[in-house]
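# Analysis of the macromolecular model
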Amino acid sequence: MSFLEIKDLHVEAEGREILKGVNLSVDAGRTAIIFGPNGSGKSTLLGAIAGLPGFRVTRGDILFKGKSILDMDIDERARFGIGMAFQYPPAVKGVRLGVLLKHVNSDGNWVQTSAEMLNMTSYVDRDLNVGFSGGERKRSEILQLMVQMPDLALLDEPESGVDIENISLIAQGLRVMLEKDKPISRRQRSAIVITHTGLILDYIKADIAYVIMDGHVLGCGAPGEIFDEIRQHGYKKCTMCFAEKYRDMNTQDLEK
Amino acid sequence: MDIAPERLVSMGYDSCAASCGRFMVLDRDILEFSCGISGLHVMPLKTAFEVYPHVRENLLFGLIPKDKNDFTKMASRVDPVGYYVRVEKGVKIADPMQAAFLFGGAHQDQLIHNIIELEEGASLDIVNGCANTHAGTSGRHIGITETYLGKGSSLGYTMIHNWGPDMEVYPVGAVQVGEGARYLSNYVSTSPVKRIETYPKATVGPHASARYYSIIYARQSSYFDTGAFVALEGEGSSGEIISRVVSEGGTVISRQTISGETKGCIGHMECSGLLLAENGVIHSIPELRGKHPDIDLSHEASIGRISDEEVSYLMTRGLGKEEARSLIIRGFLDVKIAGLPDRVKVIVDEVIEQAMSGKI
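Conventions adopted
Residues numbered from 1 in each chain as written. Chains lettered and ligands numbered in written order. Predicted model: local features only at pLDDT ≥ 70, side-chain atom pairs only at ≥ 80, totals over all residues. Heavy atoms only, no water. Helix = DSSP H or I, 4+ residues; strand = E, 2+ residues; numbered from the N terminus. Rg over C-alpha atoms; globule rule 2.2 N^0.38 Å. Buried < 20%, exposed > 50% of the residue type's maximum accessible area, 1.4 Å probe, protein only. Contact = heavy atoms within 4.5 Å. Areas by Shrake-Rupley, 256 points an atom, 1.4 Å probe, with all protein chains shown as cover. Lys, Arg positive; Asp, Glu negative; His and termini not counted. Charge placed at Lys NZ, Arg CZ, Asp CG, Glu CD. pLDDT = per-residue confidence, 0-100. Core = buried A, V, L, I, M, F, W, Y, C linked by side-chain atoms within 4.5 Å. Buried area = accessible area lost by both parts, 1.4 Å probe. Salt bridge = Lys/Arg side-chain N within 4 Å of Asp/Glu carboxyl O. Polar contact = N/O pair within 3.5 Å; in protein donor to acceptor, adjacent residues only side chain to side chain. Nonpolar A, V, L, I, M, F, W, Y, C, P; charged D, E, K, R; others polar. Phe/Tyr/Trp six-rings, centres within 6.5 Å; stacked < 30°, edge-to-face > 60°. Lys NZ or Arg CZ within 6 Å of the ring centre and 35° of its normal. Pairing = 2+ DSSP bridges. Axes fitted to C-alpha atoms, helices over the stretch in contact; angles between N-to-C directions. Parallel < 35°, antiparallel > 145°, perpendicular 65-115°, else oblique. Expected span 1.5 Å × (residues − 1).

Below, the discussion takes up the overall build of chain A. Summing up its helical and strand segments, chain A has 8 helices and 12 strands in all. The C-alpha atoms of chain A give a radius of gyration of 18 Å, which matches the 18 Å a tight globule of 256 residues would have. The C-alpha extent of chain A, read off along each of the three principal axes, is 50 × 35 × 35 Å. Within chain A, buried positions represent 56% of all 256 residues. Here the contacts in chain A between residues at least 6 apart in sequence split such that 71% fall between residues at least 24 apart. If you sum the accessible surface of chain A, you get close to 11,100 Å²; carbon and sulfur atoms cover 47% of it.

Encoded structure:
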């Protein structure tokens, strides 16, 4: 049984079917990358796992730690170990970042350490995401996740719109959160990362990549290899190639 | 006195906290008054008439006409109960003065008349708390406050209302802000009061400022008709009115007026409302009047509900739905008031915290 197992997942958003039978799995301690063009259903997948409103599961199941989470509310899923860094987090006027962090984790030392690592100490007294630049929002998201320390981190485009300096800070936080300094066998925390640019791959080593197009998983494979093919041939040209080469592969196949 | 200490704290009257003076009234009886600072005078208004003749001759009903309304007419016909507070020239006081006006139900009406006088360059903070001794008592509280701020003086005036569901409250206030003086009013009401009507006025002199902040949490069936009027009469004067209103079923009419009457006036108002229930009503009436071409007046107003997106976002961090909503409402009410002393801010935060956690 995988840490996260998604079976034949169909999801509707605004009355339209976006995911049309997605199957994928992520093992404990592993990082999966999701590639896919705009509108392919990547963010819908993360939203459905997190339980966000607006994403209605019509068929299939999401099993996390061996348990179906479909009946759990957002906060239950969070407390069960699922955390999410949003691509476009809302600004919440009046709620200070530091106040939220205290609600999430009462360990003040860890909050302070995390804020220092992400160069966010001067932001904790500011309203959550209000007036934050793109890079600051991303750092705020990763800081919140670091403080939350989820077992499964859902990262929606963590590097989009972020300059090199900020990507480096974000990656540093992610490496700590995902225990990248430990041997792979001793890592417990997993992640699913959506990326358009693949830039984050220069900083965070992923274990497996999935390609999603038009609500389907075309296949999975070695992240670097798949990313190179996308860069060379684009998504459309590679559709058949992915389907033939990587279909039915899983993490164990890649390790072999 | 038969009132729980925590009830006093919930209206900002904390006998353990540092204060420069105290004044407490129950119904029509003055229970205590004290003053521990040289240059500060705190006494019953009636006593002040004897000690300082100018208080009766020049200050009493000097800013508020006796015939302004039925309440002022009533007040003008009886011996006043309330305080006279004076700070001498140049005396700056760090610890706030605390005052409590308690309604125990001994009479149907509680009539209060206060006069505050700050001489040139003086500064003071006053925290006024008003409450029933017991939630079940019913009646009317009428509070008249006339404030005279001398040149370059500064007054922070915090009013915390913690009235019960059968109380009607009619404060009448007027402030004369002298040249270069600063007036900061900070009003908080979070309890399930039946009715509050108030529309205080500040007349602002040259290069002086008046700022009104109000936080109103209207419970089911509460009715508020509140606001402030800032008349910028002096050259280079400024005014600000900021209100945050939450209704969970109550009705709030929020009237704000800034009148820019002469050269170089600057005024800004911001009225934000949050509706938590379908039967709540927030009626925001921001009004700007310009009477000179060289003025700058502006306002922002909004009424909305709690954003589902924001609630969901906070829930992804593990907060329950009610916890997330509560955090957002608390944040909405967190008006960042520049110049409010930390010790007063602590009192205000504590009152709001108690209200949000259902202790009030």
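The next subject is the overall build of chain B. Tallying secondary structure elements over chain B gives 7 helices and 20 strands in all. In terms of overall dimensions, chain B has C-alpha extents of about 65 × 55 × 35 Å along its principal axes. In chain B, which comprises 360 residues, the proportion classed as buried is 59%. Only carbon and sulfur atoms are counted for the fraction: they give 48% of the accessible area of chain B, which is about 13,900 Å². Computed over 34 positive and 45 negative side-chain charges, the inter-centroid distance for chain B is 2 Å.

The subject of this paragraph is the confidence of the model for chain A. Averaged over all residues, the pLDDT of chain A is 90; the fraction at 70 or higher stands at 92%. The weakest mean pLDDT in chain A belongs to helix 8 (residues 251-255) of chain A at 48; the strongest belongs to helix 2 (residues 74-79) of chain A at 98.

Turning to the nonpolar core, a few remarks are in order. Generally speaking, nonpolar side chains in soluble globular proteins are found buried as a group. Counting 110 residues, the largest nonpolar core has Phe35, Leu45 and Ile49 of chain A as the members making the most contacts within it. Not counting residues within four places of it along the chain, the set of residues in contact with leucine 45 of chain A comprises Ile6, Leu9, Leu19, Val22, Leu24, Ile34 and Ile212 of chain A. Of all hydrophobic cores here, the second largest spans 55 residues; its members include Ile116, Ala202, Val230 and Ile258 of chain B.

Attention shifts here to the interface of chain A and chain B. Taken together, the contact pairs 30 residues of chain A with 20 residues of chain B. Buried surface at the junction of chain A and chain B, summed over both partners, amounts to about 2,000 Å²; 62% is from carbon and sulfur atoms. Our count for the contact surface shared by chain A and chain B stands at 3 salt bridges. Measuring nitrogen to oxygen at the nearest pair gives 3.3 Å for the salt bridge that ties lysine 336 of chain B to aspartate 127 of chain A. Linking chain A with chain B are 10 residue pairs in polar contact (both at pLDDT 80 or more), by the criterion used here. For the side of chain A that touches chain B, the secondary-structure elements that each account for two or more residues are helix 2, strand 6 (82-85), strand 7 (92-96), helix 3 (97-104), strand 8 (127-128) and helix 5 (134-148) of chain A. Class assignment of the residues belonging to the side of chain A that touches chain B gives a composition of 18 nonpolar, 5 polar and 7 charged.

Within the element layout of this structure, histidine 161 of chain B appears in strand 9 (residues 154-162). A polar atom in the side chain of histidine 161 of chain B sits 2.8 Å from the side chain of tyrosine 187 of chain B.

Now for the packing of aromatic side chains. Each aromatic ring pair is described using two quantities: the centre-to-centre distance and the angle formed by the ring planes. Evaluated as defined, the whole model comprises 13 aromatic pairs over all chains. Measuring from centroid to centroid gives 5.1 Å for phenylalanine 3 of chain A and phenylalanine 64 of chain A, while their planes differ by 70°, and the two rings are edge-to-face. Separated by 61 residues along the polypeptide, phenylalanine 3 of chain A in the segment before strand 1 (4-13) and phenylalanine 64 of chain A in strand 4 (residues 56-64) bring together distant segments of the chain. An aromatic cluster of three or more residues is present, and its members are Phe23, Phe33, Tyr83 and Phe101 of chain B. The side chain of lysine 67 of chain A reaches across the aromatic face of phenylalanine 80 of chain A, ending 5.6 Å from its centre. The ring of tyrosine 52 of chain B has arginine 86 of chain B lying over it, and the distance from NZ or CZ to the ring centre is 4.6 Å.

In this section: the sheet that holds strand 10 (residues 190-194) of chain A. All names here are of chain A. Strand order in the open sheet formed by 6 strands is 6-9-10-3-11-12, and the pairing between neighbours is mixed. Every other strand in the sheet has two partners, leaving strand 6 and strand 12 (216-221) as the edge strands with one partner each. Neighbour to neighbour, the strand axes of the sheet diverge by 20° on average, direction disregarded. Bridge count between strand 9 (residues 152-156) and strand 10: 5 bridges; the pairing is parallel. Residue pairing across strands places leucine 155 opposite valine 193, the latter belonging to strand 10. Against the sheet, helix 5 contacts strand 6 and strand 9, and its axis sits at roughly 165° relative to strand 6.

Summed over all chains, the structure comprises 27 salt bridges over all chains. Here glutamate 179 of chain A makes a salt bridge to lysine 182 of chain A, at a shortest N to O gap of 3.0 Å. Given a relative accessible area of 34%, lysine 182 of chain A falls into the partly exposed group. Here the residues in one salt-bridge network are Arg96 of chain A together with Arg330, Asp334, Lys345, Asp349 and Glu353 of chain B, joined through shared partners.

It is worth spelling out the confidence of the model for chain B at this point. Of the residues in chain B, 98% have a pLDDT of 70 or more, and the chain-wide mean is 93. In the predicted complex, the global pTM is 0.87; the interface-specific ipTM is 0.93.

Below, the discussion takes up the packing of helix 5 of chain A against helix 6 (residues 164-177) of chain A. Residues and elements named next belong to chain A. Two elements in contact, helix 5 and helix 6, have axes whose closest approach is 10 Å; the angle formed by their N-to-C orientations is 10°. Overall, the two elements helix 5 and helix 6 adopt an arrangement that is roughly parallel. Packed against helix 5, whose contacting residues are Gly135, Lys138, Arg139, Ile142, Leu145 and Met146, the element helix 6 presents Asn166, Leu169, Ile170, Gly173, Leu174, Val176 and Met177 at the interface. Of the residues in the contact of helix 5 with helix 6, the class split is 8 nonpolar, 3 polar and 2 charged.

So, about helix 6 (residues 321-333) of chain B. For helix 6 of chain B, spanning 13 residues, the distance from its first C-alpha to its last is 18 Å, which sits close to the expected 18 Å at 1.5 Å a residue. Residues Ala324, Leu327, Ile328, Ile329, Arg330, Gly331, Phe332 and Leu333 of chain B constitute the buried set of helix 6 of chain B.

We now examine helix 7 (residues 342-356) of chain B. If you check helix 7 of chain B, its first and last C-alpha atoms are 21 Å apart, about what 15 residues at 1.5 Å a residue would give, namely 21 Å. Looking at the buried positions of helix 7 of chain B, the neighbouring elements they touch are helix 1 (5-9), strand 7 (123-132), strand 9, strand 11 (182-189), strand 14 (209-218) and helix 6 of chain B.

Let us now look at the sheet that holds strand 4 of chain A. Residues and elements named next belong to chain A. On the basis of which strands lie adjacent, the open sheet formed by 4 strands has the order 2-1-4-5 and antiparallel pairing. Whereas interior strands pair on both sides, the edge strands pair on one side only; in this sheet they are strand 2 (16-26) and strand 5 (67-68). Pairing analysis gives 2 bridges linking strand 4 to strand 5, with the strands arranged antiparallel. Bridging across to strand 5, leucine 63 finds its partner in serine 68. Sheet strands touched by helix 1 (residues 42-50): strand 1, strand 2 and strand 4. Its angle to strand 1, the strand with the most contacts, is close to 110°.

Moving on to the environment of glutamine 354 of chain B. Here glutamine 354 of chain B is to be found in helix 7. Remark: the alpha-carbon pair of glutamine 354 of chain B and isoleucine 215 of chain B, spanning 139 residues in sequence, is separated by 14 Å.

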